[in-house]
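A structural walkthrough
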Amino acid sequence: MPLNILCCVKRVPMTGGRIVLQADAQAIETRHLGFTISPHEECGVEEAVRLIEQHGGSSTVLTLGPAEAEEQLRDCMALGIDRAILLLAQDEFDGQATAAAILEAIAAERAAGTEYDLIFFGNESADAGGYQVGIRVAHALGRPCATGLKSIALADGGLRCEQEVPGGRDVYQFALPAIVTVKEGLNLPRYPSVPGRMRAKRKPLETRTPVRPAAGVERVRLVVPEGQGTQAEILGHGPDAAPAVVEVLRQAGLV
Amino acid sequence: MAVLVLVEHVGGTADDVSRQALALARGYAEAAGQPLEAVLIGAGADQAAAGLGDLGVQTAHVAVHDGLSAYAPQAWGRTLADLVERLAPVALIAPGSERATEAMAHAAAIADLPLAANCIEAAPGDPATVTRLRWGGSLLEQARLHGAVKLFTVAPHMVEATAASAAVQTTVAEFTPALTDADLAVRVVERAQTDSGGGISLADAKVVVSGGRGTGSAEGFAPVEALAAALGGAVGCSRAVTIAGWRPHTDQVGQTGTKIAPEIYIPCGISGATQHMAGCKGAKRILAINTDPDAPIVANADYAVIGDLHEVLPAITAAIAKARGG
Ligand SMILES: Cc1cc2nc3c(=O)[nH]c(=O)nc-3n(C[C@H](O)[C@H](O)[C@H](O)COP(=O)(O)OP(=O)(O)OC[C@H]3O[C@@H](n4cnc5c(N)ncnc54)[C@H](O)[C@@H]3O)c2cc1C
Ligand SMILES: Nc1ncnc2c1ncn2[C@@H]1O[C@H](COP(=O)(O)O)[C@@H](O)[C@H]1O
């Protein structure tokens, strides 16, 4: 059974060792940073590509973000996704508004004859961590949804999924069409190949511009938590430091 | 017009993260001048509900429905949304555990209300004001929370689980939510046991020794494993290691890996990216081993040894053996 799969990803900065904010405390200073997507979402993209390789069909990647987010969409297409949808938004939308914009795009796709059998989300976005966009989309579409998945298999026209819980894995089984939110560890994503990168440049990318509604979770300001960057006590250099380390371990009651 | 809290429970008592959520919610309810009420779902809910007096809960609503015997996320969400409709509380608050968060997102979707996840502070009002975690806790966001009912979760292990200043008598009230077949379409059909290999789980380990890109290879973990074994601890790693395929993702510490809370954390050859640090904020002490004195991990550790992990770790393991032998 060929599948039609959609993956939703979000462009975020690679913050490195320290987060620096812009003067107005509304956003991270990203001038010297590269960008990526959440590892959870990378695993969603990899799973979609594998499913299409096995079962045939077509895959689409979607993001709501600035024009520069085309970079992340091309990265996903370099891994094997067929086409991309860019929903242009300069400022971050909250969870409700993000879901609404994605739903509008899905409705437009449907009107153009494209129905998705399976939609991948990250369990949570890397930056906002709202834990909600996938579930909101599932409700609006009236489709089953399981979250935080570490294993997905097609079985009898439906899905058999596993979620890690303390002491084991909980198994869910339900029919397609469906929504899943996934976590890193679902698979080990491939690296893009050079031919993959070349092909990605020519793959189709559609752009739409949703309106940003008033935010239900409305940012006042960002704050870097205290306690970042209090220098460590240097116990020594090289192997000679071993006795000082043992002393620290002794104080902790471990030796 | 109560403040309603979803309380999760094990063995007939409220669990730790729910007690933390109740502590924050109690302050919120006092500031709002409203009573604190709870909602409980699943086996053992009755018993847990009756024990909430010390935590200041005046009324505990226990959901009773055949469909709620196995975990079904949308059914939990419907149960919450249903109760919100009946009680019209000023706020619905839940612990930030995976299940409670999932149920809250379903409730928010059903009721079409905003939801703020992982809050560490909240003050009532219209809008309410909250401080919430972004980037797994590496960044905070102060926000105005709108909506007729304020929906938010409380970040685990960030708020102290205090008891109420005066215990109250909790009234237990049962209710039956109106669940549809669709609400029960996704539910746990089976619990697969995972083989822990008999080792110590990363999340619960008292000592964690982790290796990063600085180990150089899968084989480069030998001195990391040796020190972990000497201390009876677990081995962890950074994401650079898992994406290189040197260790399984189950070993990864960080924002998208495991969150650890050991007595001592020993990261070796790990630079200390914010996403890695998000996983070890619960560590009592951090002892970093790194060739680079300017690595962010050194700035964020309590102790550091500057040097090559392949030389430093064997020396530490040997010194431990010597200290124990002598
Ligand atoms: C959304 C998102 C989520 C992420 N989630 C996680 C996560 O959960 N966990 C995680 O770890 N990362 C995560 N990352 C990745 C993170 O940003 C870093 O890329 C990663 O942690 C780097 O791993 P590292 O420190 O091993 O490698 P590097 O950053 O390359 O650091 C290697 C360090 O080893 C030192 N070194 C080199 N050789 C030696 C030696 N012989 N002896 C001693 N020291 C040596 C170097 O000085 C350097 O400090 C995430 C990233 C994003 C964007
Ligand atoms: N701006 C966005 N564009 C596309 N997908 C998004 C966006 N924001 C969130 N998502 C998707 O929704 C998931 C959950 O996000 P959140 O609810 O913010 O934690 C993410 O992992 C993405 O898959």
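Data block above holds the structure.
Description of the structure in this document. Keep in mind it's a predicted model, so treat the numbers as computed, not measured.

Glancing now at the overall build of chain B. Within chain B, the secondary structure is distributed over 9 helices and 17 strands. With respect to the three principal axes, the spread of C-alpha positions in chain B is 65 × 40 × 40 Å. Each of the 326 residues in chain B was classed as buried or not, and the buried ones make up 58%. Here the contacts in chain B between residues at least 6 apart in sequence split such that 64% fall between residues at least 24 apart. Surface summary for chain B: the accessible area is close to 12,300 Å², and the carbon and sulfur share equals 50%.

Overall, mixed pairing links the 10 strands, which are arranged β11(A)-β5(A)-β4(A)-β1(A)-β6(A)-β10(A)-β7(A)-β8(A)-β9(A)-β12(B) in an open sheet. Of all the strands in the sheet, just β11 (205-208) of chain A together with β12 (188-192) of chain B have a single pairing partner and so form its edges. When the angles between neighbouring strand axes are averaged without regard to direction, this sheet yields 30 degrees. Sheet analysis places strand β4 (residues 57-65) of chain A next to strand β5 (residues 83-88) of chain A, joined by 6 bridges and oriented parallel. Its bridge partner lying in β5 of chain A, G65 of chain A is registered against L88 of chain A.

Attention now moves to the packing of helix α6 (residues 242-251) of chain A against helix α9 (residues 309-325) of chain B. How two helices sit against one another is set out by the angle between their axes and by the gap between those axes. Interhelical geometry of α6 of chain A versus α9 of chain B gives an angle of 60 degrees and a closest axis separation of 9 Å. Taken together, the axis directions place α6 of chain A and α9 of chain B in an arrangement best described as oblique. Of the two elements, α6 of chain A crosses α9 of chain B, and the hand of that crossing is right-handed. Between α6 of chain A, through A242, V245, V246 and L249 of chain A, and α9 of chain B, the contact on the second element is made entirely by A315, I316, A319, I320 and A323 of chain B. By residue class, the composition of the contact of α6 of chain A with α9 of chain B is 9 nonpolar, no polar and no charged.

The subject of this paragraph is the layout of surface pockets. Looking at the second largest pocket, its volume works out to about 1,200 Å³. Looking at the lining of the second largest pocket, the elements with two or more residues in it are β2 (12-13), β3 (35-36), α1 (39-55) and α2 (70-78) of chain A together with α6 (239-243) and α7 (274-277) of chain B. Looking at the lining of the second largest pocket residue by residue, the classes come out as 21 nonpolar, 16 polar and 6 charged.

We now examine the nonpolar core. Counting residues in hydrophobic clusters, the biggest one holds 89 residues, and the most contacted among them are I5, I81, F120, I152, L159, F174 and V180 of chain A. A total of 7 residues in this core trace back to one element, the largest contributor, which is helix α3 (residues 95-111) of chain A. If sequence neighbours within four positions are ignored, F174 of chain A has contacts with P144, A146, G158, L159, C161 and V180 of chain A together with A185 and V186 of chain B. Among the nonpolar cores identified, the runner-up in size contains 34 residues, and L24, I93, L145 and V154 of chain B belong to it.

Listed by partner, the interface residues are 83 residues for chain A and 83 residues for chain B. Of the roughly 6,800 Å² buried between chain A and chain B, counting both surfaces, carbon and sulfur atoms make up 56%. Two residues, D170 of chain A and R191 of chain B, come together in a salt bridge whose shortest N-O distance is 2.5 Å. Taken together, the links from chain A to chain B amount to 41 residue pairs in polar contact (both at pLDDT 80 or more).

Taken as a whole and judged by the stated rule, the model has 2 aromatic pairs over all chains. Judged by centre distance (5.1 Å) and plane angle (75 degrees), the rings of Y71 of chain B and W76 of chain B are edge-to-face. Residue classification places Y71 of chain B among the buried residues on the basis of a relative accessible area of 6%. A cation sits over an aromatic face here: R11 of chain A above F35 of chain A, 3.7 Å from the ring centre. The ring centre of Y71 of chain B lies 3.9 Å from the NZ or CZ of R99 of chain B, which sits over that ring.

Quick look at the sheet that holds strand β16 (residues 285-290) of chain B now. Where strands meet in a sheet, backbone hydrogen bonds hold them as pairs that are either parallel or antiparallel. Across the sheet, 6 strands lie side by side as β13(A)-β17(B)-β16(B)-β15(B)-β13(B)-β14(B); this open sheet has parallel pairing. Both edges of this open sheet fall to β13 (233-237) of chain A together with β14 (234-237) of chain B, since each of them pairs with a single strand only. If you compare each strand with its neighbour and ignore which way they point, the axes differ by 20 degrees on average. Against the sheet, α9 of chain B makes contact with β15 (264-268), β16 and β17 (303-306) of chain B, and its axis sits at roughly 130 degrees relative to β16 of chain B, the strand it touches most.

What counts and how
- Residues numbered from 1 in each chain as written.
- Chains lettered and ligands numbered in written order.
- Predicted model: local features only at pLDDT ≥ 70, side-chain atom pairs only at ≥ 80, totals over all residues.
- Heavy atoms only, no water.
- Helix = DSSP H or I, 4+ residues; strand = E, 2+ residues; numbered from the N terminus.
- Buried < 20%, exposed > 50% of the residue type's maximum accessible area, 1.4 Å probe, protein only.
- Contact = heavy atoms within 4.5 Å.
- Areas by Shrake-Rupley, 256 points an atom, 1.4 Å probe, with all protein chains shown as cover.
- Pairing = 2+ DSSP bridges.
- Axes fitted to C-alpha atoms, helices over the stretch in contact; angles between N-to-C directions.
- Parallel < 35°, antiparallel > 145°, perpendicular 65-115°, else oblique.
- Left-handed = near helix turned anticlockwise from the far one by under 90°.
- Nonpolar A, V, L, I, M, F, W, Y, C, P; charged D, E, K, R; others polar.
- 1 Å grid on protein atoms, 1.4 Å probe; cavity = no way out; pocket = protein on both sides within 12 Å on 5 of 7 lines; lining within 4 Å.
- Points joined across faces, edges and corners; volume = space filled by probe spheres on them.
- Core = buried A, V, L, I, M, F, W, Y, C linked by side-chain atoms within 4.5 Å.
- Buried area = accessible area lost by both parts, 1.4 Å probe.
- Salt bridge = Lys/Arg side-chain N within 4 Å of Asp/Glu carboxyl O.
- Polar contact = N/O pair within 3.5 Å; in protein donor to acceptor, adjacent residues only side chain to side chain.
- Phe/Tyr/Trp six-rings, centres within 6.5 Å; stacked < 30°, edge-to-face > 60°.
- Lys NZ or Arg CZ within 6 Å of the ring centre and 35° of its normal.

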